[in-house]
Amino acid sequence: AMSGLGGPAAAVDSEGVVQLIWHGPNNALFHSLAGTESARSAQGWVEPVTIASANINAHVVVGKDRATHVVFPGTDASGVYYVRYDVVADVWTSPVAVSATAANTSSADYARLAIGPDGTLHVVWTEFLLPQGWPPMGIYYAQSTDDGATWEVKTKVAASLTMLRTLAAAAWVVASRMPLKLVSTWVRPWITLLNSVVSALATSSIRMRLVVFAMIR
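Residues numbered from 1 in each chain as written. Predicted model: local features only at pLDDT ≥ 70, side-chain atom pairs only at ≥ 80, totals over all residues. Heavy atoms only, no water.

> What is the right way to look at the overall build of the chain in this model?
Helix and strand counts for the chain come out as three helices and 13 strands. Taking all 217 residues of the chain together, the buried fraction comes to 45%. Partitioning the intrachain contacts of the chain with sequence separation of at least 6 by distance along the chain shows that 39% fall at a separation of at least 24. By element, 58% of the accessible surface of the chain is carried by carbon and sulfur atoms, the whole surface being about 11200 Å². (Helix = DSSP H or I, 4+ residues; strand = E, 2+ residues; numbered from the N terminus. Buried < 20%, exposed > 50% of the residue type's maximum accessible area, 1.4 Å probe, protein only. Contact = heavy atoms within 4.5 Å. Areas by Shrake-Rupley, 256 points an atom, 1.4 Å probe, with all protein chains shown as cover.)

> When you look at the pattern of salt bridges in this model, what are you seeing that I'm missing?
Applying the stated criterion to the full structure yields one salt bridge. Between aspartate 13 and arginine 66 there is a salt bridge, with the nearest N and O atoms lying 3.1 Å from each other. Here arginine 66 lies in the loop between strand E5 (59–62) and strand E6 (68–73) and aspartate 13 lies in the loop between strand E1 (6–12) and strand E2 (17–23), a separation of 53 residues in the sequence. (Salt bridge = Lys/Arg side-chain N within 4 Å of Asp/Glu carboxyl O.)

> I keep staring at the pairing of E1 and nothing clicks. Help me out?
Across five bridges, E1 lies against E2 in antiparallel orientation. Note that in E2 the partner of valine 12 across the bridge is valine 18. Two successive antiparallel strands, E1 and E2, enclose a turn made up of four residues, where glycine 16 displays a positive phi of approximately 80°. (Pairing = 2+ DSSP bridges.)

> Help me out: how do you make sense of the confidence of the model for the chain in this one?
Do not read the fine detail of predicted coordinates wherever pLDDT is low. Summary statistics for the chain give a mean pLDDT of 78 and a share of 70% for residues scoring 70 or more. When the criterion is pLDDT under 50, residues 180–187 qualifies, and its contacts beyond four places in sequence or with other chains add up to eight contacts. Overall, residues 196–205 carries pLDDT values under 50, and its contacts beyond four positions in sequence, including any with other chains, amount to 14 contacts. (pLDDT = per-residue confidence, 0-100.)

> Explanation requested: the packing of aromatic side chains in the structure shown.
Between two aromatic rings, the relevant description is the distance of the centres plus the angle of the planes. Counted by the stated rule, this structure contains six aromatic pairs. A centroid spacing of 5.7 Å and a plane angle of 20° characterise the contact between tryptophan 22 and phenylalanine 30, whose relative ring orientation is stacked. By relative accessible area, tryptophan 22 is classed as buried at 11%. (Phe/Tyr/Trp six-rings, centres within 6.5 Å; stacked < 30°, edge-to-face > 60°.)

> Just checking my understanding: could you explain the sheet that holds strand E4 (residues 49–53) for this structure?
Spatially, E1-E2-E3-E4 is the arrangement adopted by the four strands of the open sheet, whose pairing is antiparallel. What marks the edges here is a single partner per strand, and that holds for E1 and E4. Each strand axis lies, on average, 25° off the axis of its neighbour in the sheet, ignoring direction. (Axes fitted to C-alpha atoms, helices over the stretch in contact; angles between N-to-C directions.)

> Quick question: what am I supposed to make of the nonpolar core here?
Of all hydrophobic cores here, the largest spans 14 residues; its most connected members are Val71, Val80, Val98, Leu113, Val123, Trp125 and Trp151. Put simply, the parts of the chain that give this core at least two residues each are strand E7 (80–86), strand E10 (106–115), strand E11 (121–129) and strand E12 (136–144). Contacts of valine 80, omitting those with residues within four sequence positions, involve Val71, Phe72, Pro73, Gly74, Val96, Ala97, Val98, Ser99, Ala108, Ala111, Val123 and Trp125. Ile21, Ala54, Val70 and Val83 belong to the second largest nonpolar core, which has 13 residues in total. (Core = buried A, V, L, I, M, F, W, Y, C linked by side-chain atoms within 4.5 Å.)

> I keep staring at the environment of tyrosine 85 and nothing clicks. Help me out?
As for its position among the elements, tyrosine 85 is in strand E7. The exposure class of tyrosine 85 is buried, given its relative accessible area of 4%. Within the local environment of tyrosine 85, its side chain forms a polar contact with the side chain of aspartate 90, the two groups lying 2.7 Å apart. (Polar contact = N/O pair within 3.5 Å; in protein donor to acceptor, adjacent residues only side chain to side chain.)

> Can you walk me through the sheet that holds E12 in this structure?
Backbone-to-backbone hydrogen bonds join strands into a sheet, with any given pair of strands oriented parallel or antiparallel. In space, the four strands of this open sheet follow the order E10-E11-E12-E13, with antiparallel pairing throughout. Pairing within the sheet leaves two strands with one partner each, and these edge strands are E10 and strand E13 (155–156). When E11 meets E12, the two strands line up antiparallel, connected through eight bridges. Following the sheet pairing, histidine 122 is matched in E12 by glutamine 143.

See below:
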């Protein structure tokens, strides 16, 4: 069995196939798949394959055509990357650079992906200061309209990170000090306020949802 595993993410396609990715030893990003009926058993999964070298928090989404889309933060200051798996042809594309980091002193993490109704790929990620991994340097957005072959120049969508960090930290402190049954009641207003702030910084509903997801993870 593998050791040092983390950052699992999964998505299920229209045929009931579970696409699973996770971070393993030596910064390897692994992929495996299984039917929903067999996924409960380790023997029900195909042999894992390494698809990239990555930071820990990657994301996977399955499109309407059953193609599996993966976005992942590269190691150190290498940036953010996209790769796609065709379940019918059983083949992975080569990783495509979504964006470099804003500086060689920052590292990407918490990459998130969404597919718009028109097939546009929307990606957001957070960048953190190296080498400590703190504080956050910003939340960034990029999109692709050609199935991930090329990506537009990234945009920094969180212009007031101090405000966002303060709200997120406050929500975390409140949640950590209260009984579980009270967390929903008392933290909800903070999250609602965070949504409102991000909404003012976003230019689309998809981007807004992704940014909020990245902040509260």
